Each structure stands twice: as structure tokens, then as C-alpha cells.
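Commentary on secondary and tertiary structure
Given next are the chains, with one letter for each unit.
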Amino acid sequence: MKVTAIETSLIRCGRDLHCVAELRTDSELVGVAVGREDVRALLGQITDAVLLGEDPRAVTGLWQRMFDARRKSDHGGLVNAAISMLDVALWDLKAKANAEPLWKTLGGSRPRINVHASGFDPSGSDDSLFDWYRSLAKRFGFRGGKLKVGFDQEADLRRLGLMQQALAECNPEAELMIDADECWSPKEAIRKVREMEERFDLTWVEEPARRWDFLGHKRVSNGIRSAVCAGESLDTLGDFLPHFHERSLDIVQVGTWHGGITGALQLADAAFGFELPVMLCASPGNMHAHLGAAMPYCMSMEVVDPVPVGGVFATDVRIEEGWAVAGDRPGNGLVIDHEALAKAAIAGSPASRGP
Amino acid sequence: MRITGFRSEVYLMKADRAVGDANLPEGVDLLPGSILYLETDENITGISLGFGGSSVKALFPAIEGADPRETVGLWTRLNDWVHKAGNEGEANYALSAIDIALWDLKAKIADEPLWRTLGAREGRVKAYASGLDYCLSDEELFAFYRRMAELGVDSGKLKVGLDLKADLRRLAIMRDALSIASPRPNLMIDSNEYWSPKQAVRYIRQMEEKFDLTWVEEPARRWDYDGLRLVSKQVAAAVATAENINSIADVYPLIANEAVDVLNVSALHSGVTGCRQIANMARAFDLPVSMMNCQANFMAQVAAALPNHNMMEVVDPGREHCLKFASRIEDGHIILGDAPGFGIEIDEAKLAELKAHPPVGKGRFPFPRREGAGRYIVPPAPGEVPWRRGR
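Residues numbered from 1 in each chain as written. Chains lettered and ligands numbered in written order. Predicted model: local features only at pLDDT ≥ 70, side-chain atom pairs only at ≥ 80, totals over all residues.

Let's shift gears to the overall build of chain B. When helices and strands are counted, chain B shows 12 helices and 15 strands. Relative to the compact-globule value of 21 Å for 391 residues, chain B shows a C-alpha radius of gyration of 20 Å, a close match. Looking at chain B as a whole, 58% of its 391 residues are labelled buried. A sequence separation of at least 24 residues applies to 70% of the contacts in chain B between residues at least 6 apart. (Helix = DSSP H or I, 4+ residues; strand = E, 2+ residues; numbered from the N terminus. Rg over C-alpha atoms; globule rule 2.2 N^0.38 Å. Buried ≥ 20, exposed ≤ 12 C-beta atoms within 10 Å, placed from the backbone. Contact = placed C-beta atoms within 7 Å.)

Structure, rendered in C-alpha cells:
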């Protein structure tokens, strides 16, 4: 099997603009990845330079070639994001070539990944917040919820209570998490989290300091009860070195943008070596559930949309009774509805590349 | 596909030549062999070489009936299975052998070589020559490294530790033998934990006055991260270690304490799954890994897919009596074929013959530690090694 071309389209899914990539081969198999929209041009460039004519089953070797090809100019930022998406599409092809679901190709046993509900709407009303967590808990059995916090301590305390109450209708012992998205200084984080901890037992605090600030993260972890969880804003494994070396994280966030599936699995193994659990970030179609199956210490997966919005792609990952379970469809389970894609595609799209 | 059963064979083989190090300089030529066969309901058999002894029986219920393609999940299940009693010692070797056989099955089911299953682009791994050569005469030493250099191998690792003067002479012999492959071959030494850390520093510094050493292996005890770090700080060469530790948990203190510059890994000790975990953890710290020697270089299948693998140890004492395989060494690299799985087949007739007529030779089971280790050096007695003549 050889890679012959890539096709990309831009679509709007709820709040986000996504790029849909389809990696074509000389067989009928197509590798699918859904990612951020701003990498679109790079997907074509890197495919042309490295992937055309290559066997997609050599994915970890090709992963190395893609990064090596960009060593001097830059392999972080957008380039990393583009390589990551291509790596996802290659793994999809590798699994499809074996006619097996991705989780099995990765060596996992059927995934049953603990999930937590993650509200992405800090500006919403208290009522909509309460309703959202309650409906997710009722329909999908979520046993944990994560709240965006940071700018208004009184409101955050109130809304933490609302989230707890909404989740508690189904699960009295629901786990509570908060996410400051790097908006605090370390000492600010300690003050605010300690005050929250007087009233709530928090499982983790996400990004309580800047992504690179291992000293700050360590300081926060030493100053509060709950675990410090971060890493989603870093690029690849090497960026985690100071965090591992200083043990400044208690939970390591992992996503396919950390160098694709190849990079995410490396990161999870490294975290395992330090006895650190990993938390899978939210992903289109909750596809990350496949990866969790092959990670020795996966703690939970973030879910924003239990079912994909927008109707352009379907997923094979079901959220039920508080777990994500991936099905048996070959590959990563993402299936593009080409009719819907044609309608949803944003002007100028689709763009085809390759011979 | 389901795992239905297993069979293990344990046998003795006589190598074509003896192998020895600082702990047993006179060497042994009798080596233990074992083979684990994992059977499935679809007539495909997974094979593992080495350590698949009696402990497999206790672990087998954990994987019976499972789909062998779920290698990583089953690795976790096996570790959890033995959690309380521990996954060390015999249990670890059995666990690793099972893991190897599972990966062999996974690749065979996909009808591809394991290097491809693991995602490598090429079945090709840079090799370094390792004589396990304390028991070889100077002439035999030269012949071994020259033979390797003729295959394009440009790196060599010498067993040292008991006699600085002899070791310096033999380092020069190794370098000269390899010089047809490279004007500047990589030279490594291995003292197999015979020295204390400061003994290592004194010894290695004297060597470094005359030779540029790429790495020094096991210059202190396997677990002694303070001692290994001390050596690394006080010599120019990289410190390689970890061949005698098994899991990522044991590697943790070495990495966290900056005690290691090159990690020796082995699927026989950690399984394919554990080996990859260790390599990935090392990669986070930008440390290379080096695959250990083994029969038919079968672990090169794994090394080919590790992103931070530097070169794999190759020895040729002749240990493949009952194995059929297609890998070869060419241009200084192990070239793996396209045969499915590890690409190893068992010659059952030869195996039966070996079992029926066990060879006679020099063997030591288990392999011992030499007197004086870590405290004072006991040089080879006259006649103990060919390069120290009897009176």
C-alpha cells in the first residue's frame, strides 16, 4: 500500500473550525484525521515532501522522517500540529490495512476509559451550566465534571457548587475538577484553590501556571491538596523534560497533538515510568479512547461532546455509564459523510494535493 | 483469534566458542536455551526464544482465551496478575517471554515482519561487535573484530576490568581490527559491575589518555545511581547500563538521578512492550537505547522501531543450532527479512537431537560474580585466560 494524495476540507463544528484530512492510497483505503484548521497548507506540503509513495504501515518510521525533515526550520507549533494529524491518518490506515479497530492495532484490550464532562462555556448562565452537567450525567452517566474557572472567585465557588449538585443527582460522589487555562500566577492559584478546597474536594487543578513553568507547577502542587494536571499546551515529548525531571506534574495531559498517536504513546510511556497517570484531552469524535486502551496508566478522558456535532463525521466511540467504549469498526472509527462535508465545507475547499 | 495453549522447551547448547567477562574470564561454552510456543485456535504459533521456563504455567491463565493482538493490554493484565507476589525474577522472565510470543503472533496475524507491525520503515539496525571476549587470545580477539569489520561493523565493545595493561593492549587490537571499517571506530568497554565507582574512574581515565571511548558499560552496580552518576561526571565516555534491570520502574531512579547516558535494553528482560516503554521514557530525556545481544539477533525486530536506538550488540558464538532465520549482517547493519513475526522458525529435529543428547562443555548456571568485585582486583591467574600464559 502506498500513499498517493491528501485531500483536505475546512468545516465548522459547533464552536470550532476543523480541518478534515483524508490520506488516499493506491488501495481503496483512506486514512482520516480531524484537527485544527490552520495546518491545512502544511498537511499538503509535508505529505508531498515525505509521505507520497510510502507504505503507511511504517508509521513510526514516517513519523521520524516527518520530524527530521523539519528539524532545522521548526518542528513545533503548527508544524507539529500538522505532523500530528498526518500521523493520526497513517495509524488509521495501518489499522484499516489489518481490518481491525485502532485500539487493537495499538495492542490495547477493548477500551473502557473513565470519562469526565468538560464544560467549555464559562460565559454561560448558571442555569445552562446546571442543565448541561445534569443532562450529561443523566444521559451518559458521567461521574466527574470539570469547570472552567479563574476570573471571578465568588462565581467560581458558586458554579462549582452547581456542577456538584447537577452531577450528584446521578452520582453523589462525583469527582470535581477545575481548569484555570494558565490564567493564574502560581501564588494566585494556591490562594484560590485553597479557598475552594475548604468547601470542595477537588480531584485535580488543570493548568494552574504557564505551560513551561515547572517551578510554578511544582509550587502549586506543594501548596494545595489536589493534583496538578497539565501538559496540553506543550508540543512534544521533549517539552515535558523539565516537568518530568522536577516531578512538577501529578497528572500528565496527553493528546494526539503531542506528535500524533506515535508521540502520545511515547508520552504516556514516559509518564508511566514516573508513575504518573495520564489524562486524555478532548478530541473530535472522542477518538482518543482508542489510545487510552494502549496506555498503561490512563486515568480519565475529557469529553466535551458525547456525540459529534455538525454531522460531517461519525464516530465509533460511545459514551455510556461514565465510560468511553470504542467499537469494532476498522481504523480510528471516524467516518466522513461526504454529502454533509460538501455542504459544510467552507469556501475554497476541498483542496487536493498529490500527483 | 484466541490463545489456546502453550508449550515450552528447555535445552542446552554448546556454542562454537567460549564467551567470558571480568566475572568469569575463563568463559563458558555451554549455554541454556529455551523456547516458548503460544498456540492459537487458528493454527498460528507465537514463538519466543529464551527464559520461557516453568513460570509460564503460573501466568498462562491470565491470557488463556484472549486475542493475542491485544499485546499491550495483555502486558498490563499479566503485570496486574502477579502484582502482590511481584513481577520480578522468574516471573518477569516468563512474562517477557509471553509478551515476545504475543508480539510474534500479532505480526504473524498481520502477515508482516514485526518491525513493520511496530511501525518501522525499514528492517535495518546498526550493529556493534561485542566479543564477550575475555576468554579469547589476542589472536582470536583480532580475528573476531576483523571478521565483523569485514561485514562493515565499525564499532566494538571489549570486556575489561582485571588487568589494565592487558586491557589497553587489547583495546588497540580491537581498534586495529575494526579500522578497515572506519578510520575511527567506536570503542566501548564493559566491566560487568566488577569495579567500585572510584576504581572505575581511575581505570577509565587511564584508558582515556590513549583511547576515545564511546561508552563504558556497567562501571558500577546496576542499582547504584549515585555511583553511576559519579562515574559519568568524572569520565569523558558515556555510561551505559541497565542490562541487568528489567522494568521501567527500575530504570526510573537511573534516569531521574542522571546516572545513565545510554540505556541497555532487552526484550528478553522487559518484553517488547516493556522495552518500548523504557525507550520512550529515555527519549523524554534524549537518552539513546542499545539493544542487547541475543540468538539470531531476533530482537533487532524491536530495535528497528525504537526512535532513539543507537546500535545493537552483535556476538557470534554460534547459538542458533535449532533455529532457522533469514537475517544477516551487511554494511555494518543487521538486515531483517520480510518473514512474518520475528522471522524465526524452530528446527524441531535438531531440538529433539539436542535434548536427547545434551552437549558436554564448560557451563556455569547461574553466571557468578568474581572474587574481589567492588573492592580489589583479582587478576587472571596464569592459565586462567589464554592471554595470561601459565608458567
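Residue and element names in this part refer to chain B. If you check the domain split of chain B, you get domain 1 (3-111) and domain 2 (116-356). Distance between the C-alpha centres of domain 1 and domain 2: 21 Å. Between domain 1 and domain 2, the contact holds 38 residues from the first and 37 residues from the second. Broken down by secondary-structure element, the contributors of at least two residues to the side of domain 1 that touches domain 2 are strand S1 (3-19), strand S2 (28-40), strand S3 (45-49), helix H2 (71-81) and helix H3 (89-109). Its residues assigned to classes, the side of domain 1 that touches domain 2 shows 20 nonpolar, seven polar and 11 charged. (Domains from an automatic or database assignment. Nonpolar A, V, L, I, M, F, W, Y, C, P; charged D, E, K, R; others polar.)

Across the boundary between the two partners, chain B contributes 27 residues, which contact 28 residues of chain A. Looking at the side of chain B that touches chain A, the elements that each hand over two or more residues are H2, helix H9 (248-256) and helix H10 (267-284) of chain B.

Here we come to the domain arrangement of chain A. All names here are of chain A. Under the domain assignment, chain A is made up of domain 1 (3-100 + 335-350) and domain 2 (104-326). Put simply, the middle of domain 1 and the middle of domain 2, counted by C-alpha atoms, are 26 Å apart. Counting from both sides, the interface comprises 29 residues of domain 1 and, opposite them, 18 residues of domain 2. Mapped onto the side of domain 1 that touches domain 2, the elements with two or more residues apiece are strand S1 (3-13), strand S2 (16-25), helix H2 (59-69), helix H3 (77-97), strand S15 (335-336) and helix H12 (338-344). Per element, the largest residue contribution to the side of domain 1 that touches domain 2 is 10 residues, and it comes from H3. Of the residues belonging to the side of domain 1 that touches domain 2, the class tally is 16 nonpolar, eight polar and five charged.

Turning our eyes to something else, we now look at the packing of H3(A) against helix H10 (residues 260-273) of chain A. Residue and element names in this part refer to chain A. Their axes nearest at 6 Å, the elements H3 and H10 cross at an angle of 95°. For the element pair H3 / H10, the angle class is roughly perpendicular. Packed against H3, whose contacting residues are Ile83, Ser84, Asp87, Val88 and Trp91, the element H10 presents Gly260, Ile261, Thr262 and Gly263 at the interface. Residues belonging to the contact of H3 with H10 are distributed by class as follows: four nonpolar, four polar and one charged. (Axes fitted to C-alpha atoms, helices over the stretch in contact; angles between N-to-C directions. Parallel < 35°, antiparallel > 145°, perpendicular 65-115°, else oblique.)

Looking now at H10(A). Note on helix geometry: an α-helix contains 3.6 residues per turn, so any two residues three or four positions apart are oriented the same way. Residue and element names in this part refer to chain A. Over its 14 residues, H10 extends 20 Å from the first C-alpha to the last, a length consistent with the 20 Å expected when each residue adds 1.5 Å. Among the 14 residues of H10, 14 are classified as buried, and the element is accordingly described as predominantly covered. Positive backbone phi, at 60°, marks Glu275, one or two positions downstream of H10. (Expected span 1.5 Å × (residues − 1).)

Here the focus is the confidence of the model for chain B. With 99% of its residues at a pLDDT of 70 or more, chain B shows a mean pLDDT of 96. For this predicted complex, the interface score ipTM comes out at 0.89, while the overall pTM is 0.93. (pLDDT = per-residue confidence, 0-100.)

Turning our eyes to something else, we now look at the environment of Ser34(B). Inspection of the secondary structure assignment puts Ser34(B) in strand S2. Each C-alpha atom of the pair Ser34(B) and Tyr11(B) lies 6.0 Å from the other, and the pair is 23 residues apart in sequence.

What follows covers the pairing of strand S13 (residues 317-320) of chain A. All names here are of chain A. Burial of the side chains of S13 is restricted to one face: Val317 and Ile319 are buried, whereas none of Arg318 and Glu320 on the reverse face is. Bridge analysis of S13 against strand S14 (residues 323-326) gives four bridges, and the strand direction is antiparallel. By the bridge assignment, Glu320 is partnered in S14 with Trp323. The hairpin formed by S13 and S14 contains two residues between the paired strands, and Glu321 there has a positive phi angle of roughly 50°. (Pairing = 2+ DSSP bridges.)

Okay, the sheet that holds S3(B) next. Residue and element names in this part refer to chain B. Taking strand neighbours across the sheet as the criterion, the three strands line up as S1-S2-S3 in an open arrangement whose pairing is antiparallel. Looking along the sheet, the strands with just one partner apiece sit at the ends: S1 and S3. Taking each pair of neighbouring strands and ignoring which way they run, the sheet shows an average axis angle of 20°. Of the strand pairs in this sheet, S1 and S2 are connected by 12 bridges, and their pairing is antiparallel. Residue pairing in the sheet places Ile3 in a bridge with Thr40 of S2. Helix-sheet contacts for H3 involve S2 and S3, and the interaxial angle to S3 is about 135°.

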